[in-house]
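# Residue-level structural notes
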Amino acid sequence: MSKRGSLIIISGFSGAGKGTVVKALTAAHDNYALSISATTRDPREGEVNGREYFFKTTEEFEELIRQDALYEYAQYVSHYYGTPKAYVQEQREAGKDVILEIEVQGALAVKKMNPEALLLFVTPPSAQELKRRLVARGTESMEVILQRLARAREEAKLMDQYDYLVINDDLNACVEEIHRLVMRERLRMQENLDFVEKIRGELDEMTSGK
Ligand code: 5GP
């Protein structure tokens with residue numbers, strides 16, 4: 001049986017380029033499975049139901065909450081966002097490193113349930129650059145951009161609870177930095193207790209005089 005995959009949480013301010021980073025990461029390496037969230041926000045141009053998100057009405061989303069079908073959920077700028085449970089479990093059992101691209105409250109809730117989860121915070125090099133990227137994206141009104149910057153200010157208060165900071169200046173460098181962190185995490189002793197048991201057994205046998 002393959003070893004269970006890791007749980008990797010990638011957060012960052014809206015406009016930090018997380019979406020692009022995650023797409024490039026999963027395209028470059030085949031050990032990842034990206035969880036697709038449910039949300040009540042409207043699709044942006046080019047977004048497809050079931051690819052970027054499962055787009056839901058508020059009633060449908062609240063039904064998912066009632067059915068306990070979500071691993072975590074949070075409200076972000078007046079919409080619900082949540083991670084469907086089943087996919088995360090199935091993919092990890094299949095040995096995939098599952099990525100959740102979620103905001104800070106959800107991330108910290110997952111860390112509480114799974115202390116072994118790897119929390120990465122992706123940020124542009126400066127607040128000025130963050131605003132520039134949000135404006136350049138052109139998908140939100142100035143009102144929503146200002147709400148998202150206000151939210152970023154709140155998220156910055158919690159970012160020091162993450163395991164690693166990843167500065168997204170150069171896309172490829174950022175992607176490979178994340179991949180290195182994930183690969184290194186796999187070597188943690190606590191993640192390799194099966195191996196530890198195996199080699200202990202082998203050494204016992206080898207030295208017991210049989
Ligand atoms: P956006 O509307 O820009 O796609 O996402 C807004 C925020 O919601 C981002 O910070 C994104 O990471 C977060 N988000 C997306 N899916 C989930 C989820 O399933 N749970 C939580 N807690 N946050 C999510």
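For the structure, see preceding data.
Our subject in this report is the structure included herewith. (Residues numbered from 1 in each chain as written. Predicted model: local features only at pLDDT ≥ 70, side-chain atom pairs only at ≥ 80, totals over all residues. Heavy atoms only, no water.)

### Notes on the sheet that holds strand E1 (residues 7-12)
- Strand order in the open sheet formed by 5 strands is E2-E7-E1-E8-E9, with parallel pairing between adjacent strands. Only two strands of the sheet have a single partner each, and these edge strands are strand E2 (32-34) and strand E9 (164-167). Each strand of the sheet is rotated relative to its neighbour by a mean of 30°, with strand direction disregarded.
- Alignment of E2 against strand E7 (residues 97-101), held across 3 bridges, turns out to be parallel. Residue pairing across strands places Leu 34 opposite Ile 99, the latter belonging to E7. (Pairing = 2+ DSSP bridges. Helix = DSSP H or I, 4+ residues; strand = E, 2+ residues; numbered from the N terminus. Axes fitted to C-alpha atoms, helices over the stretch in contact; angles between N-to-C directions.)

### Quick word on the packing of helix H1 (residues 18-28) against helix H7 (residues 171-185)
- Running from N to C, H1 and H7 point in directions that differ by 65°, and their axes come no closer than 9 Å. Between H1 and H7 lies a crossing whose hand is right-handed. Along the contact surface, H1 presents Thr 20, Val 21, Ala 24 and Leu 25, while H7 presents Leu 171, Cys 174, Val 175, Ile 178 and His 179.
- Residues of the contact of H1 with H7, tallied by class, amount to 7 nonpolar, 2 polar and no charged. (Left-handed = near helix turned anticlockwise from the far one by under 90°. Contact = heavy atoms within 4.5 Å. Nonpolar A, V, L, I, M, F, W, Y, C, P; charged D, E, K, R; others polar.)

### A closer look at the sheet that holds strand E5 (residues 70-76)
- With mixed pairing, 4 strands are arranged side by side in an open sheet as E4-E3-E6-E5. Strands at the two margins of the open sheet, each flanked by one partner only, are strand E4 (53-55) and E5. Pairwise comparison of adjacent strand axes, ignoring direction, gives a mean angle of 25° for this sheet.
- With 3 bridges connecting them, strand E3 (residues 37-39) and E4 associate as parallel partners. Pairing of Ala 38 across the sheet is with Phe 54, part of E4.

### As for the pairing of strand E8 (residues 118-123)
- When you tally the buried positions in E8, you get 6 out of 6 residues, the bulk of the element.
- Of the pairings in the sheet, the one linking E1 to E8 comprises 5 bridges and is parallel in character. Within E8, the position partnered with Ile 10 by the bridge is Leu 120. (Buried < 20%, exposed > 50% of the residue type's maximum accessible area, 1.4 Å probe, protein only.)

### What to know about the nonpolar core
- Residues Leu 7, Ile 9, Leu 100, Val 110 and Tyr 162 are the most contacted members of the largest nonpolar core, which totals 19 residues.
- Counting residues per element, the ones that place at least two in this core are E1, E7, helix H4 (104-113) and E8.
- For this core, the element with the highest residue contribution is H4, accounting for 4 residues.
- Setting aside its immediate chain neighbours within four residues, Ile 9 contacts Leu 100, Ile 102, Ala 107, Val 110, Ala 117, Leu 118, Leu 119 and Leu 120.
- Listed in part, the 16 residues of the second largest apolar core include Ile 10, Val 21, Leu 120 and Val 122. (Core = buried A, V, L, I, M, F, W, Y, C linked by side-chain atoms within 4.5 Å.)

### Regarding helix H5 (residues 127-137)
- Buried within H5 we find Glu 129, Leu 130, Arg 133 and Leu 134. Within H5, the buried residues cover an arc of 140° as seen down the axis, which keeps them to one side. Exposed residues lying more than 90 degrees from the buried face of H5 are Gln 128 and Ala 136.
- In the core, the buried residues of H5 are packed alongside helix H6 (142-156).
- Count one or two residues on from H5 and you reach Gly 138, which has phi positive near 65°. (Arc of directions from axis to C-beta.)

### Concerning the pattern of salt bridges
- In the structure shown here, the tally under the stated rule is 22 salt bridges.
- One salt bridge connects Arg 92 with Glu 116, and the closest N-O pair in it is separated by 3.1 Å. Note that Arg 92 is positioned in helix H3 (residues 85-93) and Glu 116 in the loop between H4 and E8, a separation of 24 residues in sequence.
- Here Arg 92 falls in the buried class, since its relative accessible area comes to 4%.
- The class for Glu 116 is partly exposed, based on a relative accessible area of 28%.
- Where Arg 132 meets Glu 129, a salt bridge forms, and the shortest distance between an N and an O atom there is 3.0 Å. (Salt bridge = Lys/Arg side-chain N within 4 Å of Asp/Glu carboxyl O.)

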